[in-house]
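Breakdown of the fold
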Amino acid sequence: MKKINTFGLITFFVLLLVNLPFLVIIPSSFTAAGYLAFPPEGFSFQWYTMILDRPEFVESLWTSLKLATVTAVLATVLGTLAAFALSKYKFRGSGVINALMLSPLTVPSLIIGISALLFFTRIGIAGTFTGLLLAHILISIPYVVRLVLTGLSTFDYTLEKAGYMLGAHPLRVFWDITLPLLRPAIVSGMIFSFLTSFDNVTVSLFLVAPDTTTLPLAIFTYMQETLDPLVASISAVVILLSLVFIVLLEKVYGLERLFGLNSQSH
Amino acid sequence: MNKRLSITLLTAPAMIVLLGVFILPMLLMLMLSFQDENQAFTLQNYTLFVQDSFYVEILWRTIRVSLWTVLATLLLGFPVAMYMAQATGKMRGIVTMLILAPHLISVVIRNFGWVVVLGEKGWINEMLMKLGLIEQPLRLLYNELGVVIGLTDSFIAYMVLAIATSLYAIDPSLSKAASILGASRIRTFFTVTLPLCLPGIIAGTTLVFSLSMSAFVTPALMGGTSVKVMPVIAYEQIMATLNWPLGAALAFLLLGSTILLVTLYTKLIETKRYKEVFAS
């Protein structure tokens, strides 16, 4: 038992460490003082109302939400279609296509960001919402493909066959049989894409213009000049928003399964 | 429907994005890194790196910071993975949730939390001063230590995941067999558990190393202007100096040296393992 206790103690310490930023940010955001201090002094909502006076945060929050939503929908559609082809058909080059679909994960975001900037400048979409959106779809596709492929690997194709035999139209089979069975994989792919886009800094960094700045980037820029409780209150808003999606993800799919942890657990 | 047509229709949309936003841009970036101001072919962007000790120094700092991060995540992450492997269903679920959930919240925000904790008027310094342990605030931020703390927080989940996955796969009857044969707990750990989860350790260390080498946000926010690493100077060349060929070359040099070091490391460990197997 002694061994477990030592590991348990270190585990507790590590869990505290990785969650410390949030445990500090949320109380700090309610401070009544004009500067950052922990423990916070007094209690007020002043730094929350202050957010509304900063158009750069309100507008970038709006941009981020819009961007993450469109990214989630498009990446999920594109990734799911490709995963279907890869799982359903055996064909020459399927290995190459599979590797290609996952390849954006193996290249540092820094390089994806720089190369997109160079290319988008040539074709004239650098600094536009479209450019940003395309790059975010690119970095989300691998997750969707991987999740849907995993879902399809245990998919029972005889169910589809049964549908056909009973005379259903292929689209109806897809809509009434295939899609509902894959819903957990597809929905979690969508939520994960949303979070990937909503959190991203390194790729967005190279592709935004002043009027298309995303929220994490606005915080990043603001933080390099000023450190005040305003950063804490806007961060608390982001944490709350992200938490909603994390809980959803846990409910729909399970974080353990999402990160491929419990596949071999006993 | 024709099979060929179906495959094309299903994969085409994603393939177009991959080619147009990833493959083509990468090729363009590679081409650009070999160009001078007049768009003629040159190697100067790469040779500059070897000639100028400024860049070599920065690469070395990037590697140093990454190695410290690997060490910290390994030392802290290994016991967590061991705990998860020994824990039962519910407890394991809670630990997994608490280690993975922060990972899904933006790194900018996590770094901000650390700035509040580690700053000169931060929580740790205030506490130590109040306790009278120190007179001057410790410098925990805007140096390499700060960057390593931030990166460790960012990447420890990957280390834990990699090691835990390999620990889960170990047949528990092996440790039982070892203890029945009279091996002590420590001996069982070193002769059974550790060798069997080595692939997980290798996967975790290489992943954390690669991620640390190319991290941009944490060095920028927690290292300030004093800890410039390769991604930061590549960014400056691209966005501030507007020397795109040099910025592109620096990014590729970083990627190249990361791949080289990771390959050397895995080769070294593999050879050592073969030697162990054949020597005994």
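As a convention, each chain's residues are numbered from 1 in the sequence order in which they are written. Chains carry letters and ligands carry numbers; both start at the beginning, A for chains and 1 for ligands, and go up in the order they are written. For this predicted model, a pLDDT threshold of at least 70 governs which residues receive local features, and a threshold of 80 or more governs which side-chain atom pairs are given and counted, while totals over whole chains, interfaces and linings are taken from all residues.

**Structural notes on the overall build of chain B**
Where we set the bar: Per the convention used, a helix needs a DSSP run of H or I reaching at least four residues, while a strand needs a run of E reaching at least two, with both numbered from the N terminus. Values of the radius of gyration come from C-alpha atoms, whereas the globule rule sets the reference at 2.2 Å times the count of residues to the power 0.38. The exposure scheme places C-beta atoms from the backbone and then counts, for each residue, the other C-beta atoms within 10 Å of its own, assigning buried at 20 or more, exposed at 12 or fewer, and partly exposed in between. Once C-beta atoms are placed from the backbone, any two residues with those atoms within 7 Å are in contact.
For chain B, the helix and strand inventory stands at twelve helices and zero strands. Compactness check: chain B gives a C-alpha radius of gyration of 23 Å against a globular reference of 19 Å for 280 residues, more than 25% above the reference. Taken along its principal axes, the extent of the C-alpha atoms in chain B is 75 × 75 × 45 Å. With 280 residues in all, chain B has 43% of them scored as buried. Long-range pairs, those at least 24 residues apart, make up 70% of the contacts in chain B with a sequence separation of at least 6.

**Remarks on the overall build of chain A**
Of the regular secondary structure elements, chain A holds twelve helices and zero strands. When its helices and strands are written in sequence order, chain A yields α-α-α-α-α-α-α-α-α-α-α-α. Along the first, second and third principal axes, the C-alpha set of chain A runs to 70 × 65 × 35 Å. Within chain A, the proportion of its 266 residues that are buried is 45%. Summarising the internal contacts of chain A: among those between residues at least 6 apart in sequence, 74% fall at separations of at least 24.

**So, the confidence of the model for chain A**
Stated precisely, the cut-off is as follows: Note on scores: pLDDT gives the predictor's confidence for each residue, bounded by 0 and 100.
Across chain A, the average pLDDT comes to 89, with 95% of residues at 70 or higher. Every residue in residues 262-266 of chain A scores below 50 in pLDDT, and together they form six contacts with partners more than four places removed in sequence or on other chains.

**Some thoughts on the packing of helix α6 (residues 129-153) of chain A against helix α1 (residues 3-32) of chain B**
Let me state the cut-off plainly: Angles here are taken between N-to-C directions and fall from 0 to 180 degrees, while the axes themselves are lines fitted to C-alpha atoms, restricted in helices to the stretch in contact. Handedness of each helix crossing follows the sense of rotation of the near helix against the far helix: counterclockwise by less than a right angle gives left-handed, clockwise gives right-handed. In this count, Pro and Cys sit with the nonpolar residues alongside Ala, Val, Leu, Ile, Met, Phe, Trp and Tyr, while Asp, Glu, Lys and Arg are called charged and the others, Gly among them, polar.
Contact pair α6 of chain A / α1 of chain B: the axes reach a minimum separation of 10 Å and the direction vectors enclose 115°. As α6 of chain A runs across α1 of chain B, the sense of the crossing is left-handed. Listed contacts from α1 of chain B to Leu 134, Ala 135, Ile 137, Leu 138 and Ile 141 of chain A of α6 of chain A are Ala 14, Val 17, Leu 18, Val 21 and Phe 22 of chain B. Residue composition of the contact of α6 of chain A with α1 of chain B, grouped by class: ten nonpolar, no polar and no charged.

**Thoughts on the nonpolar core**
Going by this rule: Joined through C-beta atoms within 7 Å, a set of buried Ala, Val, Leu, Ile, Met, Phe, Trp, Tyr and Cys residues constitutes a nonpolar core.
Residues Ile 114, Ala 135, Leu 138 and Ile 141 of chain A together with Ala 81 and Val 160 of chain B are the most contacted members of the largest nonpolar core, which totals 155 residues. Ranked by the residues each element gives to this core, the list is headed by helix α7 (residues 144-168) of chain B, at 15 residues. Dropping the residues within four chain positions of it, Ile 114 of chain A is found in contact with Phe 206 of chain A together with Met 29, Ile 238, Gly 247, Ala 248 and Ala 251 of chain B.

**Observations concerning the interface of chain B and chain A**
Accessible area lost on assembly of the parts is the figure often given for the size of an interface. Taken residue by residue, the interface counts 67 residues in chain B and 71 residues in chain A. Sorting the residues of the side of chain B that touches chain A by element identifies α1, α3 (53-86), α4 (89-100), α5 (107-118), α7, α10 (217-222), α11 (230-239) and α12 (244-279) of chain B as the ones contributing at least two each. Per-element accounting of the side of chain B that touches chain A gives the leading share, 17 residues, to α1 of chain B. Considering only residue class, the side of chain B that touches chain A consists of 52 nonpolar, ten polar and five charged.

**Digging into α3 of chain B**
Cut-off, in case you're wondering: In this analysis, the expected span of each helix is defined as 1.5 Å times one less than the number of residues it contains. To obtain the bend at a residue, axes are fitted to the seven residues ending there and to the seven starting there, and the angle between these axes is taken.
The terminal C-alpha atoms of α3 of chain B lie 49 Å apart, and with 34 residues this matches the ideal 50 Å at 1.5 Å per residue to within 8%. Largest kink in α3 of chain B: about 30°, centred on Gly 77 of chain B, with the proline Pro 79 of chain B one to four residues after it.

**Things to note about the UniProt feature "transmembrane region" (unreviewed entry) in chain B**
All names here are of chain B. Threshold: UniProt positions are given in the numbering used here, feature names are shortened, and annotations may be inferred rather than shown by experiment.
UniProt's feature table lists "transmembrane region" (unreviewed entry) at residues 7-32, 65-85, 97-119, 145-168, 189-222 and 242-265, given in the numbering used throughout. Between the C-alpha atoms that bound residues 65-85 there is a distance of 30 Å. The span itself is 100% helix and 0% strand. Secondary structure content for residues 97-119 is 70% helix and 0% strand, while the C-alpha to C-alpha distance between its ends is 28 Å.

**Description of the domain arrangement of chain A**
Residues and elements named next belong to chain A. Definition in use: Bear in mind that the domain bounds are from an automatic or database domain assignment.
You can read the domains of chain A as domain 1 (1-44) and domain 2 (49-264). Distance from the C-alpha centre of domain 1 to the C-alpha centre of domain 2: 30 Å. With eight residues of domain 1 at the interface, the matching set in domain 2 holds eight residues. Tallied by class, residues from the side of domain 1 that touches domain 2 come to five nonpolar, three polar and no charged.

**Details of the domain arrangement of chain B**
Here the domain parsing of chain B yields domain 1 (1-32) and domain 2 (46-279). A straight line from the C-alpha centre of domain 1 of chain B to that of domain 2 of chain B covers 33 Å.

**With respect to the UniProt feature "domain: ABC transmembrane type-1" (unreviewed entry) in chain B**
If you check UniProt for "domain: ABC transmembrane type-1" (unreviewed entry), the listed places come out as residues 59-265 of chain B in our numbering. The span residues 59-265 of chain B is 78% helix and 0% strand, and its two end C-alpha atoms sit 18 Å from each other.

**Notes on unusual backbone geometry**
Residues and elements named next belong to chain B. Phi at Gln 39 takes a positive value of approximately 60°, unusual for a residue other than glycine. Here Gln 39 is to be found in the loop between α1 and α2 (44-51). For Gln 39, a count of 10 C-beta atoms within 10 Å puts it in the exposed group. Of note, Leu 242 is a non-glycine position whose phi angle comes to about 60°, a positive value. Relative to the helices and strands, Leu 242 is located in the loop between α11 and α12.

**So, the confidence of the model for chain B**
Confidence in the prediction of chain B, expressed as mean pLDDT, is 91, and 98% of residues score 70 or more. The complex prediction reports pTM at 0.91, with the ipTM value standing at 0.90.

**Here's the deal with the environment of Leu 132 of chain A**
Along the polypeptide, Leu 132 of chain A turns up in helix α6. The class for Leu 132 of chain A is buried, based on 28 C-beta atoms found within 10 Å.

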